[in-house]
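An overview of the molecular structure
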Amino acid sequence: MKKLNNYLFNLRAKKYLNASVRERRFVSYDKAKTVLILFESDYNEKNPIIRRLISSLQQDCKKVSAWGFIDKKEVTTAILPDFRILHHKQTDFFQKPEISYINELENLEFDLLIDLTVHAVLPLQYIAMYANASCKTGTRKNDLPVYDFMLDIENMELSTETDESVENPIDETYIFNQIIFYLKSIQTND
């Protein structure tokens, strides 16, 4: 079933990306005012790491919305405008989020999308694709041009496996720190 869902996502994504025209532009960290974070929720739905990352962005005067996904049938976390966790009942049989969530995403505008998922989570990949963001960042999960800036963590994982140190495990915090480092470092002329 997973292969079928991935195949269907690739077909839908290619069709959508070819049909829709999105104005892509690099957004430096300083210029980003609104940020959408995508994350894989922990089982208890507490997400202390994500909440800490949101807080650090808010301290830098960023308006942050966070959308997560959990592999459960029900969630206990309330759905708020700026923080929500989707679950299986809010997706269709092929793991595409319900149309109401997609419509909501298309009506919101963000300067920056940061996908903090380490593994491919189909509902969040759909959200990343449909989100109305000027600059989309995340990790390489496939060859589709969904993101404008990608980290290739597969090569990072290979290099860290050969090292003796396990100081920097590849998790949400590591991905966040890497993306923010590059967004702060890259200089543009706009």
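Up top is the structure.
Here the structure is a predicted model, which is why all the values come from computation and not from measurement. Sequence order as written defines residue numbering, which begins from 1 separately in each chain. The model is predicted, so local features are restricted to residues of pLDDT at least 70 and side-chain atom pairs to those at 80 or more, both for listing and for counting; the totals for chains, interfaces and linings are taken over all residues. Heavy atoms from the whole structure form the basis of all side-chain values; hydrogens and water molecules are not counted.

**As for the nonpolar core**
Our working definition: What we call a nonpolar core is a set of buried Ala, Val, Leu, Ile, Met, Phe, Trp, Tyr and Cys residues that are connected through their side-chain atoms within 4.5 Å. A 1.4 Å probe rolled over the protein chains alone gives each residue an accessible area, and that area as a share of the maximum for its type sets the label: buried under 20%, exposed over 50%, partly exposed in between. To qualify as a helix, a DSSP run of H or I must reach at least 4 residues; to qualify as a strand, a run of E must reach at least 2; elements of each kind are numbered from the N terminus. Between two residues, a contact is recorded if the distance between any of their heavy atoms is within 4.5 Å.
Counting residues in each nonpolar core, the largest one holds 31 residues, and the members touching the most others are I37, L57, I114 and L116. Going through the elements one at a time, strand 1 (34-40), helix 2 (48-59), strand 2 (63-69), strand 3 (83-86), strand 4 (110-115), strand 6 (149-151) and helix 6 (172-185) are the ones with two or more residues in this core. No other element matches the six residues that helix 6 contributes to this core. If we ignore the near neighbours within four places in the chain, the residues touching I37 are I54, L57, V64, S65, A66, W67, I114 and L116. Counting residues in hydrophobic clusters, the runner-up holds 25 residues, among them L38, F69, F110 and L144.

**Let's talk about the packing of helix 1 (residues 2-19) against helix 4 (residues 122-130)**
Just so we agree on the cut-off: Working convention: axes come from line fits to C-alpha atoms, limited for helices to the stretch in contact. Angles between N-to-C directions cover 0 to 180 degrees. Should an angle fall under 35 degrees it is called roughly parallel, over 145 degrees roughly antiparallel, and 65 to 115 degrees roughly perpendicular, with every other angle called oblique. The classification used treats Ala, Val, Leu, Ile, Met, Phe, Trp, Tyr, Cys and Pro as nonpolar, Asp, Glu, Lys and Arg as charged, and all other residues, Gly among them, as polar.
With their axes 11 Å apart at the nearest point, helix 1 and helix 4 run at an angle of 0 degrees to one another. In this view, helix 1 runs roughly parallel relative to helix 4, as classed from their interaxial angle. Residues N5, N6, L8, F9, R12, A13, Y16 and L17 of helix 1 lie in contact with helix 4, whose contacting residues are L122, Q125, Y126, M129 and Y130. Considering only residue class, the contact of helix 1 with helix 4 consists of nine nonpolar, three polar and one charged.

**Details of the pattern of salt bridges**
So the rule is basically this: By salt bridge we mean one thing: a side-chain nitrogen of Lys or Arg within 4 Å of a carboxyl oxygen of Asp or Glu.
Using the criterion set out here, one finds nine salt bridges in the structure. Among the ionic pairs, D82 bridges to K63, the shortest N-O distance being 3.6 Å. One end of the pair, D82, is in the loop between strand 2 and strand 3; the other, K63, is in strand 2, and 19 residues separate them in sequence. Relative accessible area serves as the criterion here: at 48%, K63 is assigned to the partly exposed category. Notably, a salt bridge pairs D115 with K141, separated by 3.4 Å at the nearest N-O pair. Of the two residues, D115 sits in strand 4 while K141 sits in the loop between strand 5 (133-139) and strand 6, which places them 26 residues apart along the sequence. With respect to class, D115 is no different from K141; both count as buried. Linked through salt bridges whose partners overlap, the residues forming this network are R22, R24 and D148.

**Overview of the packing of helix 2 against helix 6**
Defined as follows: The handedness criterion is simple: a crossing whose near helix is rotated anticlockwise from the far helix by less than a right angle is left-handed, and one whose near helix is rotated clockwise is right-handed.
Interaxial distance between helix 2 and helix 6 falls to 10 Å at its minimum, and their mutual angle equals 20 degrees. Considered as vectors, helix 2 and helix 6 are oriented roughly parallel to each other. Helix 6 is crossed by helix 2, and the crossing has right-handed handedness. Counted together, I49, I50, L53, S56 and L57 of helix 2 and E172, T173, F176 and I180 of helix 6 form the full contact between these two elements.

**Things to note about helix 1**
Stated formally: A helix is expected to reach a length of 1.5 Å times the quantity of its residues less one. Each C-beta atom gives one direction from the helix axis, and the arc is the one those directions make.
With 18 residues, helix 1 extends 26 Å between its outermost C-alpha atoms, agreeing within 8% with the 26 Å of an ideal straight helix rising 1.5 Å per residue. Residues N5, L8, F9 and A13 constitute the buried set of helix 1. Along the long axis of helix 1, the arc covered by the buried residues comes to 135 degrees, so they all point the same way. In helix 1, the exposed positions angled more than 90 degrees off the buried face are occupied by K3, Y7, K15 and N18. In the core, the buried residues of helix 1 are packed alongside helix 4.

**Comments concerning the packing of aromatic side chains**
Rules: Ring geometry is summarised as follows: Phe, Tyr and Trp rings, the Trp one being its six-membered ring, pair when their centres sit within 6.5 Å, and such pairs are stacked at plane angles under 30 degrees, edge-to-face over 60 and tilted between the two. Either the NZ atom of lysine or the CZ atom of arginine qualifies as a charge over a ring when it sits within 6 Å of the ring centre and within 35 degrees of the ring normal.
Summed over the entire model, instances satisfying the criterion amount to eight aromatic pairs. Taken together, a centroid distance of 4.9 Å and an interplanar angle of 85 degrees make the contact between F9 and Y126 edge-to-face. Within this pair, whereas F9 is found in helix 1, its partner Y126 is found in helix 4, the two being separated by 117 residues in sequence. Considered together, F9 and Y126 belong to a single accessibility category, that of buried residues. The structure contains a cluster of three or more aromatic residues connected by ring pairs, namely F9, Y16, Y126 and Y130. Its guanidinium or amino end placed over the ring of Y43, K72 lies 4.6 Å from that ring's centre, counting from NZ or CZ. The ring of W67 carries R84 above its face, with NZ or CZ at 4.5 Å from the centroid.

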